[in-house]
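Here are the chains, one letter per residue:
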Amino acid sequence: MSKITITNNRPGGFGIPGGPVILGKGTIEVEASDWAKVEDHPVVKAWVDEGNLTIEGKSVAKTDDSPDRDELKKQANELGLQYPGNISNVKLKEMIDAKLAE
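Nothing here was measured: the structure is a model prediction, and the numbers come from that model.

Engineer: How would you explain the sheet that holds strand 4 (residues 27-31) if you had to name every residue and give the values?
Structural biologist: Taken together, the three strands give an open sheet; going across it, the order is 4-1-5, and neighbouring strands pair in antiparallel fashion. Every interior strand has two partners, whereas the edge strands, strand 4 and strand 5 (53-56), have only one. Here the strands of the sheet are splayed against their neighbours by 25° on average, with no regard to which way each runs. With five bridges connecting them, strand 1 (residues 3-8) and strand 4 associate as antiparallel partners. From the neighbouring strand, threonine 5 faces strand 4, where its bridge partner is glutamate 29.

Below, the structure is given as structure tokens:
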């Protein structure tokens, strides 16, 4: 799998949502698939946009035809599915597909 290198350019630590803490002025390496789960998080995006985090490596390609999170949640709710709030889009889509296949 491909890796993403994340560098925290600030002196204080930064906790990746649901993941590791990057120490101040520190660097970590994560799987591209793990990064894809959090790269659109509002806080993460803000830190990247402000230059507090530097990202190196190739992110997992996202297809334009994949439904967004709100669409997935709406469909899951309509199907009466129970799911945790932190479920990934991929897992939620799998649950929906399995329910539709019944």
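Engineer: Before we move on, can you summarise the pattern of salt bridges with the specific residues and values?
Structural biologist: On inspection of all chains with the given rule, the structure shows five salt bridges. With a closest N to O distance of 3.7 Å, aspartate 34 and lysine 37 form a salt bridge. Within this pair, aspartate 34 and its partner lysine 37 are both found in helix 1 (residues 32-38), separated by three residues, close to a single helical turn. Its relative accessible area of 39% is what places aspartate 34 among the partly exposed residues. For lysine 91, the salt bridge is made with glutamate 94, and the minimal N-O distance between the two is 3.8 Å. Here the residue lysine 91 and the residue glutamate 94 both occupy positions in helix 4 (residues 89-101), the gap between them amounting to three residues, near one helical turn.

What counts, and where the lines are drawn
Residues numbered from 1 in each chain as written. Predicted model: local features only at pLDDT ≥ 70, side-chain atom pairs only at ≥ 80, totals over all residues. Heavy atoms only, no water. Pairing = 2+ DSSP bridges. Helix = DSSP H or I, 4+ residues; strand = E, 2+ residues; numbered from the N terminus. Axes fitted to C-alpha atoms, helices over the stretch in contact; angles between N-to-C directions. Salt bridge = Lys/Arg side-chain N within 4 Å of Asp/Glu carboxyl O. Buried < 20%, exposed > 50% of the residue type's maximum accessible area, 1.4 Å probe, protein only.

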